[in-house]
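Per-entry structural report
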Amino acid sequence: MRKTQKEAEAMKKKERKTEAQERHGRVFKVTITETRQREITVYESELKEPTLDDAEQTVRDWWSNGDIILVPEDFKAVEFHAKEGGGADGE
């Protein structure tokens, strides 16, 4: 039975993963999540409708358009979450 290219690539990837585990042992993945936070003042005159929803949407739009860029000084927190398993970075 002939393997498809996709199946052959998957098998090679699995072999590389197994070889790496034999060389290095167990695999651990740690995800780092940084939170940046800034309070933005919005005046009623800047809104279409004077509502909280419109204020939030206005700030979302400003951020999406690059008018607000959070910088290192806006750093609020960092979280680390570890798990076992998986392949190399990005797999």
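Placed above this text is the structure.
What this report covers is the structure whose coordinates are included nearby. (Residues numbered from 1 in each chain as written. Predicted model: local features only at pLDDT ≥ 70, side-chain atom pairs only at ≥ 80, totals over all residues. Heavy atoms only, no water.)

1. Structural notes on the overall build of the protein chain
Along the backbone of the protein chain there are 2 helices and 2 strands. What you see for the protein chain is a C-alpha radius of gyration of 23 Å, clearly larger than the 12 Å of a compact globule of 91 residues, by over 25%. Taken along the three principal axes of its C-alpha coordinates, the protein chain extends 70 × 35 × 20 Å. Within the protein chain, the fraction of its 91 residues that count as buried is 9%. (Helix = DSSP H or I, 4+ residues; strand = E, 2+ residues; numbered from the N terminus. Rg over C-alpha atoms; globule rule 2.2 N^0.38 Å. Buried < 20%, exposed > 50% of the residue type's maximum accessible area, 1.4 Å probe, protein only.)

2. Considerations on helix 1 (residues 5–24)
Counting along an α-helix, one turn takes 3.6 residues, and residues three or four places apart therefore face a common direction. Between its first and last C-alpha atoms helix 1 spans 28 Å; for 20 residues at 1.5 Å apiece the expected length is 28 Å, and the two agree. Taken from the residues just after helix 1, Gly-25 is the one with a positive phi, measuring 90°. (Expected span 1.5 Å × (residues − 1).)

3. Focus on helix 2 (residues 52–64)
Its 13 residues place the ends of helix 2 18 Å apart at the C-alpha level, agreeing with the 18 Å of an ideal helix rising 1.5 Å per residue. Within the sequence span of helix 2, burial applies to Asp-54, Ala-55 and Thr-58. Summarising the axial view, the buried residues of helix 2 lie within an arc of 105°, below the 170-degree limit, and thus occupy one face. Residues of helix 2 that are exposed and point over 90 degrees away from its buried face: Leu-52, Asp-53, Trp-63 and Ser-64. (Arc of directions from axis to C-beta.)

4. What about a nonpolar patch on the surface?
Together, Val-30, Ile-32, Phe-75, Val-78 and Phe-80 line one region of the surface with nonpolar side chains, adding up to about 490 Å² of accessible area. Judged by its relative accessible area of 55%, Phe-80 falls in the exposed class. (Patch = residues over 30% accessible without salt bridge, like charges linked within 9 Å, V, L, I, M, F, W, Y side chains within 5 Å. Areas by Shrake-Rupley, 256 points an atom, 1.4 Å probe, with all protein chains shown as cover. Salt bridge = Lys/Arg side-chain N within 4 Å of Asp/Glu carboxyl O.)

5. As for a positive patch on the surface
There is a patch of like positive charges on the surface, built from Lys-12, Lys-13, Arg-16 and Lys-17. Looking at where Arg-16 falls in the secondary structure, it is placed in helix 1. (Lys, Arg positive; Asp, Glu negative; His and termini not counted. Charge placed at Lys NZ, Arg CZ, Asp CG, Glu CD.)

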